[in-house]
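One letter stands for each residue in the lines below.
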Amino acid sequence: MFTIHIWMRRADGASVEEFRQHWLERHAPIARDGYPNLKAYRVNVVTGAGRDQEVLYDGVAELTWDSRADFSADMKTDAARAGAEDLATFTSGYGLL
């Protein structure tokens, strides 16, 4: 099992609702439907932070493959290129874990 987490911060000037709508309706299907080896795609929407703390990101996507080889193969697809390009349209920052 090989899992990655992608932490995303919404684009400057975008509302929380705009970010969530784009992520769930436009971006998520790129990976969910485009990666032939993908086994699971989980969306974790951040709804707030603890008292006196700042929200550092707006969501985390969790993607799972059977193996690192399957992940590597999917990262060479048109879906991977489309996903990377789309991230730039609705996020101000993102990172992988």
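This text follows the structure it describes.
Residues numbered from 1 in each chain as written. Predicted model: local features only at pLDDT ≥ 70, side-chain atom pairs only at ≥ 80, totals over all residues. Heavy atoms only, no water.

The computed volume of the largest pocket comes to approximately 290 Å³. Contributing to the lining of the largest pocket are 18 residues, with Ile6, Tyr35, Met75, Ala84 and Leu87 lying nearest its centre. The set of elements that each furnish at least two residues to the lining of the largest pocket consists of β1 (2–10), α1 (16–34), β3 (59–65), α3 (78–90) and β4 (91–96). The biggest single contributor to the lining of the largest pocket is α3, with four residues. Partitioning the lining of the largest pocket into residue classes produces 16 nonpolar, two polar and no charged. (1 Å grid on protein atoms, 1.4 Å probe; cavity = no way out; pocket = protein on both sides within 12 Å on 5 of 7 lines; lining within 4 Å. Points joined across faces, edges and corners; volume = space filled by probe spheres on them. Helix = DSSP H or I, 4+ residues; strand = E, 2+ residues; numbered from the N terminus. Nonpolar A, V, L, I, M, F, W, Y, C, P; charged D, E, K, R; others polar.)

With that out of the way, let us pick up the environment of Met75. Here Met75 shows up in the loop between α2 (68–74) and α3. On the accessibility criterion, Met75 (32% relative accessible area) is partly exposed. Sequence-wise, Met75 and Tyr35 are 40 residues apart; in three dimensions their C-alpha atoms are separated by 8.2 Å. With residues near it in sequence (within four places) discarded, Met75 still touches Tyr35, Trp65 and Ala80. (Buried < 20%, exposed > 50% of the residue type's maximum accessible area, 1.4 Å probe, protein only. Contact = heavy atoms within 4.5 Å.)

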